[in-house]
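Secondary and tertiary structure notes
Each chain, letter by letter, is given below.
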Amino acid sequence: MEWSHSPLLQMSSSRSKDPCFTENTPLLRNSFQEKGSPRMPVYHPEFITAEESWEDSSADWEQRYLLSREGSGLSASASSEKGDLLDSSHIRLRLSKLRCCVRWLKVTGLFVFVVLCSILFSLYPDQGKLWQLLAVSPLENYSVNLSSRMDSTLLQVDLAGALVASRPSRPGREEHIVVELTQADASGFRRWRPQQVTHNWTVYLNPRRSERSVMSRTFEVLSRETVSISIRASLQQTQAVPLLMAHQYLPASVEAQVTIATAILAGVYVLIIFEIVHRTLAAMLGSLAALAALAVIGDRPSLTHVVEWIDFETLALLFGMMILVAIFSETGFFDYCAVKAYQLSRGRVWAMIIMLCLIAAVLSAFLDNVTTMLLFTPVTIRLCEVLNLDPRQVLIAEVIFTNIGGAATAIGDPPNVIIVSNQELRKMGLDFAGFTAHMFVGICLVLLVSFPLLRLLYWNRKLYNKEPSEIVELKHEIHVWRLTAQRISPASREETAVRRLLLGKVVTLEHLLARRLRTFHRQISQEDKNWETNIQELQKKHRISDKILLTKCLTVLGFVIFMFFLNSFVPGIHLDLGWIAILGAIWLLILADIHDFEIILHRVEWATLLFFAALFVLMEALAHLHLIEYVGEQTALLIKMVPEEQRLTAAIVLVVWVSALASSLIDNIPFTATMIPVLLNLSQDPEVGLPAPPLMYALAFGACLGGNGTLIGASANVVCAGIAEQHGYGFSFMEFFRLGFPMMVVSCTVGMCYLLVAHVVLGWNE
């Protein structure tokens, strides 16, 4: 070869005799000496057999070329490399200072915000409500005149007694009272003759008169004139009904309160989306801000009222199921299911992924999907490491099908739990069995479409795990050769020739890398020939550890699920879902003879339970700020614009897609808690005339399936991502979005079509 006779490469031939010549530049020292390797050979012994003559020649000309650079321009190269190192160190130092500054600003800003909310909350005391006892009857009306205040824009009227929020099931025989509020409107040009404005508020009475509830309504104060309140009753009998009434003036308008509530809600979701703080802390901060806003407008609740806002039945159901699953995991049952899936797939990757997704969907239908992913994620990671698969792709598929499967029953997903636990919906006939039967059929149709779609989305996606070390080293060597070629300035003919040779070396190594990658991909795509050996190894590690405990767990869990269904058919069982789960947990704790109780409690997701509790407080506070009422009015306006014969169709489509898109951007738990009162008010509006069950099914489909849209759309997504990150396989927001959002769109479309056929075409639950 001509380049071997170059005068530049013939200099200092004594150094060329060293066969172990190593590159000792600062570039390679930084990349390898930090890892404990003092020096790196320029050529790798692995490639000598394939390209021995080329390697020997390249080592010879490289030695001579570097020595010639020492005699001519080594000082300039060393100074430039030293400058590059100084620049990189300065950049790292600036980035470190920037991160510290951002962290300091975050902590300072949040602390100032918390202190400000605490001061505002403490400055305005709990004024309490002055309740007045009334006795209303059909023979006599009650009336009172209230003097207006200078700084008041709203008047809140509270009623307490045997009241019910929904219209009774037998129209025409309902008993109700009408609250009539009359005031003078002095606005406009006719201030000398104020017009009388009347607002009517109809409240239905509980026929059994055994339950006491509190209902509130806010009216806008139009002027400073006297406000008159009149209450008349429509009863089947002439006997008077006792009621309690209280009123309170509020200084802020409805628009101002809705704006404040929207800002608080947006702030909470910004904290969650960008992971500024933990989402539990974000919910607590939002609750504190909402309570401070209520205190400023004069409607500060007492501690007793705040505790009453928390839905303890939902928390009890989740806590009981977490205890059951925590003890269940001690048997090794979930590990056994994962290994069984690999055995049934006979080493085929896609068959195993589909089986894992199917098992996760079935388990999440009867267990909470958060706890299902807590147990399934570590097993899946270990299984993928054995098969050399990328756990991130498998975990994303699993959590997507976990959310789909959780929507099939009333206990599989928190939105379903919130819907079924609502007492008003249960009185309207939306029980556990009916809800589960209706959702199960729709979710089965969704699953039939989702599996082919998942295979299509993963068609060109890499499913293999970390590449072999030889491929990683080859990629790094190509990177080093390319950097070396880029550092050579083609100022002379010899330097241009050397640069060309280095680039040729890069091209040769890239061809070698491409061949090895093709071979590696071909091995991954083929059936695992050693699947029987892997099965034996996995069965030794992941087997049923305690068959007696497994029998006890299956017995108690089956009995609990049976009680869930029996509660819907037998009225004599006065146990809610939360009580059944708690009693089942106590039974299993006794049967399992658990001595180290703290280990079981460590398995309970206390942060998740506290997150739910904070969200219940936040949503109730936002309801007091009239956000839910405003959303309901806007939703009702959109539906009322549709002709009556197409109103149910429009309502189902609107609720499904609004719920799905909103649950993709925010957590579906607070959204469900927000939308249930909105849809209840919408179904009770006589001008709309829509049944409540189809709207609730549409909400359940949208909220549960919409959680697959983004990483923070469902609690199981966040839990799975956190566990995967702890094992070194964390996936980003966009990685989940590219797979989850198309699955969400298709699954919601299938669910919407199912609801339209069931409720519009067939007329179920009308």
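On a predicted model such as this, the values are computed, not experimentally measured, just so you know.

Scoring rules and cut-offs
- Residues numbered from 1 in each chain as written.
- Predicted model: local features only at pLDDT ≥ 70, side-chain atom pairs only at ≥ 80, totals over all residues.
- Heavy atoms only, no water.
- Helix = DSSP H or I, 4+ residues; strand = E, 2+ residues; numbered from the N terminus.
- Buried < 20%, exposed > 50% of the residue type's maximum accessible area, 1.4 Å probe, protein only.
- Contact = heavy atoms within 4.5 Å.
- Areas by Shrake-Rupley, 256 points an atom, 1.4 Å probe, with all protein chains shown as cover.
- Core = buried A, V, L, I, M, F, W, Y, C linked by side-chain atoms within 4.5 Å.
- Pairing = 2+ DSSP bridges.
- Axes fitted to C-alpha atoms, helices over the stretch in contact; angles between N-to-C directions.
- Polar contact = N/O pair within 3.5 Å; in protein donor to acceptor, adjacent residues only side chain to side chain.
- Phe/Tyr/Trp six-rings, centres within 6.5 Å; stacked < 30°, edge-to-face > 60°.
- Salt bridge = Lys/Arg side-chain N within 4 Å of Asp/Glu carboxyl O.
- Expected span 1.5 Å × (residues − 1).
- Arc of directions from axis to C-beta.
- Patch = residues over 30% accessible without salt bridge, like charges linked within 9 Å, V, L, I, M, F, W, Y side chains within 5 Å.
- pLDDT = per-residue confidence, 0-100.

**Some details on the overall build of the protein**
- Counting its secondary structure elements, the protein contains 28 helices and 11 strands.
- Taken over 766 residues, the protein has a buried fraction of 49%.
- A separation threshold of at least 6 residues defines the contact pool for the protein, and within that pool the share at least 24 residues apart is 82%.
- For the protein, the exposed surface amounts to about 37800 Å²; the carbon and sulfur share of it is 60%.

**Concerning the nonpolar core**
- Judged by nonpolar contacts, the single largest core of 170 residues is most densely connected at F564 and L622.
- Setting aside residues no more than four positions away along its own chain, L622 makes contact with A261, I264, L265, A290, L627 and I628.
- Among the nonpolar cores identified, the runner-up in size contains 26 residues, and V136, L146, V203 and I231 belong to it.

**Looking at the sheet that holds strand β3 (residues 132-136)**
- Spatially, 4 strands are ordered β3-β11-β5-β9 in an open sheet, and the strand pairing comes out antiparallel. In this open sheet, the two strands that pair with only one neighbour each are β3 and β9 (213-220). Adjacent strand axes in the sheet meet at a mean angle of 30° when their direction is disregarded.
- For β3 and strand β11 (residues 241-250), the ladder comprises 5 bridges, and the chain directions are antiparallel. Bridging across to β11, L133 finds its partner in L244.

**Examining the side chain of T380**
- By the element assignment, T380 lies in helix α11 (residues 369-387).
- What makes T380 buried here is its relative accessible area of 0%.
- At 2.8 Å, the side chain of T380 forms a polar contact with the backbone oxygen of F376.
- A distance of 2.8 Å separates polar atoms of two side chains, one belonging to T380 and the other to E398.
- Each residue touching T380, except ones within four places of it in the same chain, is listed here: L356, V394, L395 and E398.

**Some words on the packing of aromatic side chains**
- Inspection of the entire model under this criterion finds 9 aromatic pairs.
- A ring pair is formed by F328 and F333, whose centres lie 5.2 Å apart and whose planes are at 90°; its orientation type is edge-to-face.
- You can call F328 buried: its relative accessible area is 6%.
- Centroid distance F401 to F451: 4.5 Å. Interplanar angle 25°. Geometry classified as stacked. Here F401, found in helix α12 (residues 391-406), pairs with F451, found in helix α15 (residues 432-457); they are 50 residues apart in sequence, far enough to count as distant.
- The class for F401 is buried, based on a relative accessible area of 0%.

**Points about the environment of C117**
- Mapped onto the elements, C117 comes out in helix α4 (residues 74-123).
- Since its relative accessible area comes to 6%, C117 is described here as buried.
- Placed 174 residues apart in sequence, C117 and L291 show a C-alpha to C-alpha distance of 8.5 Å.
- Excluding anything up to four places from it in sequence, C117 contacts L288, A289 and A292.

**Here's the deal with the pairing of β11**
- The element β11 is extensively covered by neighbouring structure, given that 7 of its 10 residues are classed as buried.
- Pairing analysis gives 7 bridges linking strand β5 (residues 154-161) to β11, with the strands arranged antiparallel. Bridge pairing links L159 to M245 in β11.

**Quick word on the pattern of salt bridges**
- Tallied over the entire structure, the rule returns 3 salt bridges.
- Between R232 and E180 there is a salt bridge, with its nearest N and O atoms 3.3 Å apart. In this pair, R232 sits in strand β10 (residues 227-234) while E180 sits in strand β7 (residues 176-185), placing the two residues 52 residues apart along the sequence.
- The exposure class of R232 is partly exposed, given its relative accessible area of 35%.
- A relative accessible area of 24% places E180 in the partly exposed class.

**Regarding the side chain of S659**
- With respect to the element layout, S659 can be found in helix α24 (residues 647-665).
- Residue class for S659 comes out buried when judged on its relative accessible area of 0%.
- Excluding residues that lie within four positions of it along the chain, S659 makes contacts with F671, L699, G702 and A703.

**Thoughts on helix α5 (residues 254-273)**
- For α5, with 20 residues, the first-to-last C-alpha span of 28 Å sits near the 28 Å given by 1.5 Å per residue.
- Among all positions in α5, only Q257, V258, A261, I264, L265, V268, Y269, L271 and I272 are buried. Looking straight down α5, one finds that the buried residues subtend no more than 160° of arc, so they occupy a single side. Opposite its buried face, α5 presents the exposed residues E255 and T259, each directed more than 90 degrees away.
- Just beyond α5, the residue with positive phi is E275, at close to 55°.

**Some thoughts on a nonpolar patch on the surface**
- Together, F111, V112, V115, I119, L123, Y124 and V296 give the surface a local cluster of nonpolar side chains, amounting to about 630 Å² of exposed area.
- With respect to the secondary-structure elements, L123 resides in helix α4.

**A short note on the confidence of the model for the protein**
- Per-residue pLDDT for the protein has a mean of 76; in total, 79% of the residues score no lower than 70.
- Taken element by element, the predicted model of the protein shows its lowest mean pLDDT in helix α2 (residues 26-32) (36) and its highest in helix α6 (residues 279-296) (92).
- For residues 188-193, every residue scores under 50 in pLDDT, and the model assigns this stretch 2 contacts once sequence neighbours within four places are set aside.

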